[in-house]
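Listed here are the chains, written in short residue letters.
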Amino acid sequence: MNLMEFSEDQVKKAIKNGQITISVIGLGRIGLPTAVLFAESGANVIGVDIDPKLIELLKDGKNELDEPSLDELIKKNIKNGKLKISLDLKFTIKNSQVIIICVPTSINKNHSANYSIIKKVIEDLSGIIIPNQIIIIESTISPGMVENYMIPVLERGSKLKCGKDFFIASCPERANPGNIIKTFKNTPRIIGGITQKCTNIASAIYSSVIDSEIIKTTNPKTANAVKLTENIFRDINIALMNELAILYEKLEINIFDVIKASSTKWNFIPHYPGPGVGGSCLPVNPYYLIDEAKKVGYELNLILMAREINEQMPEHIVQLIGKSLEIAKKSIKNSNICILGLSYKPDIKDIQLSPAISIINKLKHLEAKIRLFDPYFKNQNILDIKVNSSLENAVKDADCLVIVTKHKLISNINLQNIQKLTKSPLIIVDGRKTFNSENLPNKTIYQCVGCPLIIS
Ligand SMILES: NC(=O)c1ccc[n+]([C@@H]2O[C@H](COP(=O)([O-])OP(=O)(O)OC[C@H]3O[C@@H](n4cnc5c(N)ncnc54)[C@H](O)[C@@H]3O)[C@@H](O)[C@H]2O)c1
């Protein structure tokens, strides 16, 4: 079957009628929902991963991601045979018309881009792809990587010509982890193929799973530039708020009042300060472009500065903890410090590059006695500390509470009740503007990032 000879309508029909097999390489936070949703749309899907434990789990219809409705969809599509799970890349590729790549990309310790996994996948594919296949890259990569690295490697290994014998497109993932099934479907998608026809066919493939707009770009590198630009935009704006937050603490101005008032201007886009930026995208994506810029002799100073500011926020939180304890004539050393929230964002079980990690490591170094509480990580070991199973146990006799993640359960904390359990005064360092300063109980020292210190 040569999809390039199909019209876009024929592609959509063929997917619906189960005539197309799509392989999804990498069944993590992004690949698994992708595989499941294509199976739902009618395609035959084979999901491949290198993790044998994950493969066994998925074959049993189970998974460890806390994504609403993902469980039922996996079970249903495994049972009806629409979704197959495999460790065998060669078998999978030989039986697919479409190959979607969702493997991890990251950075090295020196902040350079680490594409070792995706490069290995491309090398492997170069020896097994067959004519007329279309390869779609969902993983986040630098603009130009498809054109300058992937195509030459695939052509060399396969002896096939890209744009004639096989096709490639970028369709970077933009969904919202924690709500991925819904946001996968209703978030507009960016697609850039190596030829116009390839862009159109890739768009037709995704239109069978996406209810929202598909934006076609002129080539893969533009699609990848979109993905990096939107994440860098967010990282820089958060950095701006973090920088102002530190200033406004000193000037005794509440940054949240400032942001609220500024938002009344038509062209202001609110962003908020916090304890740092986590997740698999924002803390790493800027470095991909910084790297790429260096290759053409250009320095991305603003983007780098924003990263530095955001990476310093955990240290700022630790300084706020030290200063707040000092008011009560205590020091970090030997104090019971309770971290509330470990995930990098609310109501999701995901600790990837979470600022909580840096804060805990810094507090450990300063010999604090650390307790952890996060409803998503109960009883698990995080940095060799067992996460408490109950909020009450975690805060008992605490000298200081530190809010890192505004999970619903944490924002609903009743401070009057909590105060009965902690040491007096109740000291809170809040990285997320969790509490309303008017509702603070008496004998509280409350330091919210970006706000004046409150002693009640
Ligand atoms: N998680 C997010 O919020 C998010 C959002 C947008 C984009 N992305 C991007 O999507 C890509 C995938 O991220 P993720 O969060 O799904 O990663 P993940 O770590 O959750 O999952 C990756 C999966 O790939 C598997 N894998 C690794 N090497 C493999 C190989 N050689 N062959 C087959 N499988 C392999 C791993 O075992 C794992 O199951 C990354 O480029 C990431 O930057 C992630």
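In the block above lies the structure referred to throughout.
These notes cover the structure that comes with them. Here the structure is a predicted model, which means the values were calculated and not measured.

Some remarks on the sheet that holds strand β7 (residues 134–137)
Read from one edge to the other, the open sheet built from eight strands follows the order β3-β2-β1-β4-β7-β8-β9-β10, with strand pairing classed as mixed. If you trace the sheet from one side to the other, it starts and ends with β3 (83–86) and β10 (214–216), each paired once. Sheet twist, expressed as the average angle between the axes of neighbouring strands with direction ignored, equals 25 degrees. As defined by bridge partners, strand β4 (residues 98–101) adjoins β7 across four bridges and the pair is classed as parallel. Paired with I101 across the strands is I137, a residue of β7.

Some words on the site of the ligand
Around the ligand there are 27 residues in total, and G26, G28, R29, I30 and S139 lie nearest to it. Along the lines of polarity and charge, the residues of the shell around the ligand split into 13 nonpolar, eight polar and six charged.

Looking at the packing of helix α10 (residues 220–251) against helix α12 (residues 285–295)
Following both chains from N to C, one finds α10 and α12 inclined at 115 degrees, their axes separated by 8 Å at the closest point. The orientation of α10 relative to α12 falls into the category roughly perpendicular. In this structure, α10 meets α12 at a crossing whose hand is left-handed. Across the interface between the two elements, L228, N231, I232 and D235 of α10 pack against N285, P286, Y288 and L289 of α12. Taken together, the residues that form the contact of α10 with α12 break down as five nonpolar, two polar and one charged.

Notes on the pairing of strand β2 (residues 44–48)
Taken across its five residues, β2 has five buried, putting it largely inside the fold. Where burial is concerned, the two faces of β2 agree: the one with N44, I46 and V48 and the one with V45 and G47 are both buried. Both strand β1 (residues 21–25) and β2 contribute to a ladder of five bridges, which runs parallel. In the sheet register, V24 faces β2, and the bridge partner there is G47. Regarding topology, helix α2 (residues 31–40) serves as the crossover connection from β1 to the parallel β2, and that connection is right-handed. Examined bridge by bridge, β2 and β3 share four bridges and lie parallel to one another. The residue of β3 that forms the bridge with V45 is L83.

Describing helix α9 (residues 196–207)
Across its twelve residues, α9 extends 16 Å between first and last C-alpha, which sits within 8% of the 16 Å expected from 1.5 Å per residue. In terms of burial, α9 is largely enclosed, as nine of its twelve residues are buried. For α9, the full list of buried residues reads C198, T199, N200, I201, A202, S203, A204, I205 and Y206. Of the surrounding elements, those touching the buried residues of α9 are α1 (8–16), β4, β7, β8 (167–170), β9 (189–193) and β10.

Let's talk about the packing of helix α13 (residues 301–327) against helix α14 (residues 355–365)
Contact geometry of α13 with α14 gives a least axis separation of 9 Å together with a crossing angle of 50 degrees. Looking at the two axes, α13 sits oblique to α14. Helix-helix and strand crossings are classified by hand; for α13 and α14 the assignment is right-handed. Contacts from M313, P314, E315, I317 and V318 in α13 reach P355, S358, I359, K362 and L363 in α14.

Topic: the environment of A204
Turning to its location among the elements, A204 is positioned in helix α9. The residues contacting A204, other than those within four sequence positions of it, are E8, V11 and K12.

Topic: the sheet that holds strand β17 (residues 444–448)
One open sheet holds the six strands; their spatial order is β12-β11-β15-β16-β17-β18, and the pairing between them is mixed. A strand with exactly one partner marks an edge of an open sheet, and here the two such strands are β12 (369–373) and β18 (454–455). Direction of pairing for strand β11 (residues 336–340) relative to β12: parallel, over a ladder of five bridges. Directly across from I339, in β12, lies its bridge partner L372. Its contacts with the sheet place α14 against β11, β12 and β15 (400–403), and it is angled at close to 175 degrees to β11.

Definitions and cut-offs
- Residues numbered from 1 in each chain as written.
- Predicted model: local features only at pLDDT ≥ 70, side-chain atom pairs only at ≥ 80, totals over all residues.
- Pairing = 2+ DSSP bridges.
- Helix = DSSP H or I, 4+ residues; strand = E, 2+ residues; numbered from the N terminus.
- Axes fitted to C-alpha atoms, helices over the stretch in contact; angles between N-to-C directions.
- Near = placed C-beta within 6 Å.
- Nonpolar A, V, L, I, M, F, W, Y, C, P; charged D, E, K, R; others polar.
- Parallel < 35°, antiparallel > 145°, perpendicular 65-115°, else oblique.
- Left-handed = near helix turned anticlockwise from the far one by under 90°.
- Contact = placed C-beta atoms within 7 Å.
- Buried ≥ 20, exposed ≤ 12 C-beta atoms within 10 Å, placed from the backbone.
- Right-handed = clockwise from strand over helix to strand, strands pointing away.
- Expected span 1.5 Å × (residues − 1).

Just geometry here; none of it tells us what the structure is for.
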